[in-house]
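One-letter residues, chain by chain:
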Amino acid sequence: AMAGRSGIPLATHLVAYDFDSLARMASVRAPVLLVHGDADELIPHGMGLQLRDAALAVGGDAELLTVPGGGHNDTWNRGGEAYWNTLSRWLGETSR
């Protein structure tokens with residue numbers, strides 16, 4: 001489902017399984033930190049927004065960290081201090 005919404009030509013033929021993350025957010029009971037680059041070339045940033053919103057819509061605890069210029073696999077490197085500070089804060093708040 002997500003591969004089909006990615007906008008990537010032939011994406012549904014490249015993904016070996018169908019995992020509808022958006023539909024499954026309603027059943028997530030743990031806090032969620034989504035980290036998404038706004039330059040992600042595989043999964044559109046809008047999907048991160050939709051996942052966060054889906055979790056919040058059912059009363060979930062979800063946060064989205066958008067990394068400016070971040071691609072699919074380099075948010076940890078491009079996010080700089082804001083990335084590490086958010087991760088540290090979130091882990092501290094949710095690991096109690």
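Figured I'd write up the structure that's included with this text. (Residues numbered from 1 in each chain as written. Predicted model: local features only at pLDDT ≥ 70, side-chain atom pairs only at ≥ 80, totals over all residues. Heavy atoms only, no water.)

### What to know about the overall build of the chain
Phase 1: Looking only at helices and strands, one finds 6 helices and 2 strands in the chain.
Phase 2: What you see in the chain, going N to C, is helices and strands ordered as α-α-α-β-α-β-α-α.
Phase 3: Across the 96 residues in the chain, those meeting the buried criterion constitute 29%.
Phase 4: Of the roughly 6,100 Å² of accessible surface on the chain, 56% is carried by carbon and sulfur atoms. (Helix = DSSP H or I, 4+ residues; strand = E, 2+ residues; numbered from the N terminus. Buried < 20%, exposed > 50% of the residue type's maximum accessible area, 1.4 Å probe, protein only. Areas by Shrake-Rupley, 256 points an atom, 1.4 Å probe, with all protein chains shown as cover.)

### Examining the environment of Arg24
Phase 1: Structurally, the position occupied by Arg24 is in helix α3 (residues 21–24).
Phase 2: Counting along the chain gives 30 residues from Arg24 to Ala54, while the straight-line C-alpha distance between them is 9.0 Å.

### Quick notes on the packing of aromatic side chains
Phase 1: Throughout the structure, instances matching the rule amount to 1 aromatic pair.
Phase 2: Look at Tyr83 and Trp84: their rings are 4.8 Å apart centre to centre, the planes differ by 80 degrees, and that puts the pair in the edge-to-face class. (Phe/Tyr/Trp six-rings, centres within 6.5 Å; stacked < 30°, edge-to-face > 60°.)

### Considering the nonpolar core
Phase 1: By size, the foremost hydrophobic cluster in this structure holds 9 residues: Met25, Val32, Leu34, Ile43, Met47, Leu51, Ala55, Ala62 and Leu64.
Phase 2: Put simply, the parts of the chain that give this core at least two residues each are β1 (32–37), α4 (45–57) and β2 (62–67).
Phase 3: Per-element tally for this core: the top contributor is α4, with 3 residues. (Core = buried A, V, L, I, M, F, W, Y, C linked by side-chain atoms within 4.5 Å.)

### What about the environment of Ala57?
Phase 1: Inspection of the secondary structure puts Ala57 in helix α4.
Phase 2: Judged by relative accessible area, Ala57 falls into the exposed class, the value being 68%.
Phase 3: Considering only alpha carbons, one finds Ala57 and Ala26, 31 residues apart in sequence, at a separation of 8.1 Å.

### So, helix α6 (residues 80–94)
Phase 1: Spanning 15 residues, α6 covers 22 Å between terminal C-alpha atoms, matching the ideal 21 Å at 1.5 Å per step.
Phase 2: Of the positions making up α6, those classed as buried are Tyr83, Thr86 and Trp90. Here the buried residues of α6 occupy an arc of 70 degrees about the axis, which is enough to place them on one side. With respect to the buried face of α6, the exposed residues turned more than 90 degrees away are Glu81 and Ser88.
Phase 3: Looking at the packing, one finds that the buried side of α6 touches β1, β2 and α5 (75–78). (Expected span 1.5 Å × (residues − 1). Arc of directions from axis to C-beta. Contact = heavy atoms within 4.5 Å.)

Purely spatial values, then, with no claim about function.
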